[in-house]
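Architecture at a glance
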Amino acid sequence: MQTEQQHIKDLLQACSKGSKTAQFEIYKLYYKAMYNSALRILQNTYDAEDVMQEAFLNAFTKLDSYKGEVPFGAWLKRIVINKSLTQLKKRNKLQEVNLEVVDKKLENEDEIQMQEVKIDYVNLKVKKVGEAMKSLKENYRAVLTLSLIEGYDNEEIAQIMNISNENCRTTISRAKSKLRKVLMESSVLN
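In this report, the structure presented in the accompanying data block is examined.

So, how was this worked out
Per chain, residues are indexed from 1 in the order of the written sequence. Two thresholds apply to this predicted model, a pLDDT of at least 70 for residue-level local features and 80 or more for giving and counting side-chain atom pairs, whereas whole-chain, interface and lining totals are computed over all residues. Hydrogens are left out, water is left out, and the side-chain values use all remaining heavy atoms of the structure. Here a helix means four or more residues in a row that DSSP labels H or I, a strand means two or more in a row labelled E, and each is numbered from the N terminus. Note on definitions: a residue-residue contact is assigned when non-hydrogen atoms from the two residues lie within 4.5 Å. Think of it in three bands: with a 1.4 Å probe and only protein chains considered, a residue is buried below 20% of the maximum accessible area for its type, exposed above 50%, and partly exposed in between. Between N-to-C directions, angles span 0 to 180 degrees; the directions come from axes that are lines fitted to C-alpha atoms, helices contributing only their stretch in contact. For classification, angles of less than 35 degrees are called roughly parallel, those exceeding 145 degrees roughly antiparallel, those between 65 and 115 degrees roughly perpendicular, and all remaining angles oblique. Whether a crossing is left-handed or right-handed is set by the direction in which the near helix is turned from the far one by less than a right angle, anticlockwise for left-handed and clockwise for right-handed. Gly counts as polar in this scheme, as do all residues outside two lists: the nonpolar Ala, Val, Leu, Ile, Met, Phe, Trp, Tyr, Cys and Pro, and the charged Asp, Glu, Lys and Arg. The rule is short: rings of Phe, Tyr and Trp, with Trp giving its six-membered ring, pair when the centres are within 6.5 Å, and they are stacked under 30 degrees, edge-to-face over 60, tilted in between. An expected span of 1.5 Å times one less than the residue number is assigned to each helix. Every case where a carboxyl oxygen of Asp or Glu lies within 4 Å of a side-chain nitrogen of Lys or Arg is listed as a salt bridge.

Some remarks on the overall build of the protein chain
In terms of regular secondary structure, the protein chain is built from 9 helices and 0 strands. Ordered by position from the N terminus, the helices and strands of the protein chain form the series α-α-α-α-α-α-α-α-α. Pairs at least 24 apart in sequence give 68% of the contacts found in the protein chain among residues at least 6 apart.

Written as structure tokens, this is what we have:
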């Protein structure tokens, strides 16, 4: 592990000196993970590819701002996530809905259905959860991806999405509730 970190450090030093070979090596090490992170948020292969490419270009041009306080992969992933969220905002500019304005009432019918159906969490498949997440609104999918898949805490998500901590907690809670509902509906149908 130590030799891998040293290798990455050496590659980054070469990148800062303009080595295209070192840049390509860094790209090969990280492109799959960065693409997957962008794809989980954007749900569009072309947008994910574009965002990933832009993130690498941005990272290589601003490599001098990388202080080494976190692993390079985490620093790069943060760039990818920020660019992905920016792309989401651009895509939804005309359809933008303020996260502060969220319907606070659950329909009685939905509450009854949620109480009647139990989810078998033990046998729940990752693919099924992924499919359920695709059906969520983009802001719900984004916060759940950042929370459940990328592992960011609420404070970090609030900062990344530029929303208040309270709004972040509320949005995550509602997104999880909606995900549960979608999973319950799909288990009723199957």
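Now that the structure has been shown, the text picks up again.
A look at unusual backbone geometry
You will see that Gln43, though not glycine, has its phi angle at about 55°, which is positive. Mapped onto the elements of the fold, Gln43 is located in the loop between helix H2 (20–42) and helix H3 (45–61). For Gln43, a relative accessible area of 32% translates into the label partly exposed. Positive phi is not limited to glycine here, since Asn162 has a value of about 60°. Here Asn162 is to be found in the loop between helix H8 (154–161) and helix H9 (165–189).

Digging into the packing of helix H7 (residues 138–149) against H8
As a packed pair, H7 and H8 sit with axes 10 Å apart at the nearest point and diverge in direction by 140°. Judged by the angle between their axes, H7 and H8 are oblique. For the pair H7 and H8, the sense of crossing is right-handed. Along the contact surface, H7 presents Ala142, Val143, Leu146 and Ser147, while H8 presents Ile157, Ile160 and Met161.

Details of the packing of helix H4 (residues 72–91) against H8
Helices that pack against each other are described as a pair by the angle of their axes relative to one another and the distance between those axes. Relative orientation of the contacting elements H4 and H8 amounts to 50°, with a least axis distance of 10 Å. By the angle class used here, H4 and H8 are oblique. Residues Arg78, Ile81, Asn82, Leu85 and Lys89 of H4 lie in contact with H8, whose contacting residues are Glu156, Gln159, Ile160 and Met161. Of the residues assigned to the contact of H4 with H8, the class counts are 4 nonpolar, 2 polar and 3 charged.

Here's the deal with the environment of Leu148
Residue placement: Leu148 occurs in helix H7. With a relative accessible area of 48%, Leu148 lands in the partly exposed category. Between the C-alpha atom of Leu148 and that of Lys176, which follows or precedes it by 28 residues, the distance is 9.9 Å.

Some remarks on the packing of aromatic side chains
All told, the structure shown has 7 aromatic pairs when counted by the stated rule. Ring centres of Tyr30 and Phe72 lie 5.4 Å apart, and the angle between their planes is 70°; this geometry places the pair in the edge-to-face category. Here Phe72 lies in helix H4 and Tyr30 lies in helix H2, a separation of 42 residues in the sequence. Since its relative accessible area comes to 14%, Tyr30 is described here as buried.

Examining H4
The terminal C-alpha atoms of H4 lie 28 Å apart, and with 20 residues this matches the ideal 28 Å at 1.5 Å per residue to within 8%. When we look at burial in H4, the residues that qualify are Phe72, Gly73, Trp75, Leu76, Ile79, Val80, Ile81, Ser84, Leu85 and Leu88.

Digging into the pattern of salt bridges
Side-chain pairs of opposite charge can arise where the charged atoms are in close proximity. Under the criterion given, the structure shown has 6 salt bridges. With a closest N to O distance of 3.6 Å, Lys134 and Glu131 form a salt bridge. With Lys134 and Glu131 both in helix H6 (residues 126–134) and 3 residues apart, this pair spans about one turn of that helix. Lys134 gets classed as partly exposed once you look at its relative accessible area, which sits at 47%. Given the relative accessible area of 45%, Glu131 is considered partly exposed. Each of the salt bridges in this network shares a partner with another, and the network as a whole consists of Arg40, Lys77 and Glu150.

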